[in-house]
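# Architecture and fold: a report
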Amino acid sequence: WQEMLGLREFANINKIPYLILGGGSNILFADEGYDGLVIMNQMNKVQIHKNIVTAESAVNLTKLILICSQHNLGGISGLANVPGSVGGAVMAMPVLRMCGLAVYLYMQKFCRKMERSQ
């Protein structure tokens, strides 16, 4: 995550427009392309401690569901047909509300903090 924030800071200092991209499953670019820096989010670690799951923003939702089910942890199966990553789901908060998840509130707070610092 430090590399990603460093790239964002570089773009800000040099007044380069930037886009932080997850897996790209919900992104379409115009034929003209993007005149700026595309930062590929590769934060894809999942940690499980007892019944607490910590997933970084680039973790694929399907992968997260499978990992949780392998550890007998449920509650996110409502995300099974949602393409994309944890970060994308956090930014599209209604998707999380449909599953009744409060798990991502910390991540949402972090994303809002990043948005304010831009």
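Scroll up to find the structure this text is about.
To keep things clear, this report deals only with the structure shown in the data block. Not measured: the values here are computed from a predicted model. (Residues numbered from 1 in each chain as written. Predicted model: local features only at pLDDT ≥ 70, side-chain atom pairs only at ≥ 80, totals over all residues. Heavy atoms only, no water.)

### Here's the deal with the nonpolar core
Soluble globular proteins: nonpolar side chains tend toward being buried together. Counting residues in hydrophobic clusters, the biggest one holds 13 residues, and the most contacted among them are L61, L64, I76, L79 and V86. Among the secondary structure elements, those contributing two or more residues to this core are α2 (61-70) and α3 (86-91). If near-sequence neighbours (up to four positions away) are discounted, L61 is found in contact with L79, V82, P83, G84, S85, V86 and A89. One finds A11, Y18, I39 and M43 within the second-largest nonpolar core, a separate group that totals five residues. (Core = buried A, V, L, I, M, F, W, Y, C linked by side-chain atoms within 4.5 Å. Buried < 20%, exposed > 50% of the residue type's maximum accessible area, 1.4 Å probe, protein only. Helix = DSSP H or I, 4+ residues; strand = E, 2+ residues; numbered from the N terminus. Contact = heavy atoms within 4.5 Å.)

### Points about the environment of A58
Assignment of secondary structure puts A58 in the loop between β4 (52-55) and α2. For A58, a relative accessible area of 18% translates into the label buried. The spacing of A58 and G84 is 26 residues in sequence and 8.5 Å in space, taken between C-alpha atoms. Excluding anything up to four places from it in sequence, A58 contacts N41, Q42, M43, N44 and S85.

### Let's talk about the pairing of β4
Both strand β3 (residues 46-49) and β4 contribute to a ladder of four bridges, which runs antiparallel. Bridge pairing in β4 places V46 opposite A55. (Pairing = 2+ DSSP bridges.)

### Overview of a nonpolar patch on the surface
Nonpolar side chains collect at one region of the surface, where I27, F29, Y34 and V38 lie side by side and expose about 330 Å² of accessible area between them. Within the secondary structure layout, V38 lies in strand β2 (residues 37-40). (Patch = residues over 30% accessible without salt bridge, like charges linked within 9 Å, V, L, I, M, F, W, Y side chains within 5 Å. Areas by Shrake-Rupley, 256 points an atom, 1.4 Å probe, with all protein chains shown as cover. Salt bridge = Lys/Arg side-chain N within 4 Å of Asp/Glu carboxyl O.)

### Remarks on α2
Three or four residues apart is the spacing at which side chains of an α-helix point the same way, because the helix has 3.6 residues per turn. Within the sequence span of α2, burial applies to L61, L64, I65, I67 and C68. Around the axis of α2, the buried residues are gathered within 165° of arc, so they sit on the same side. N-capping of α2 is provided by N60, with a side-chain oxygen placed 2.8 Å from the backbone N of T62. Just beyond α2, the residue with positive phi is N72, at close to 55°. (Arc of directions from axis to C-beta. Polar contact = N/O pair within 3.5 Å; in protein donor to acceptor, adjacent residues only side chain to side chain.)

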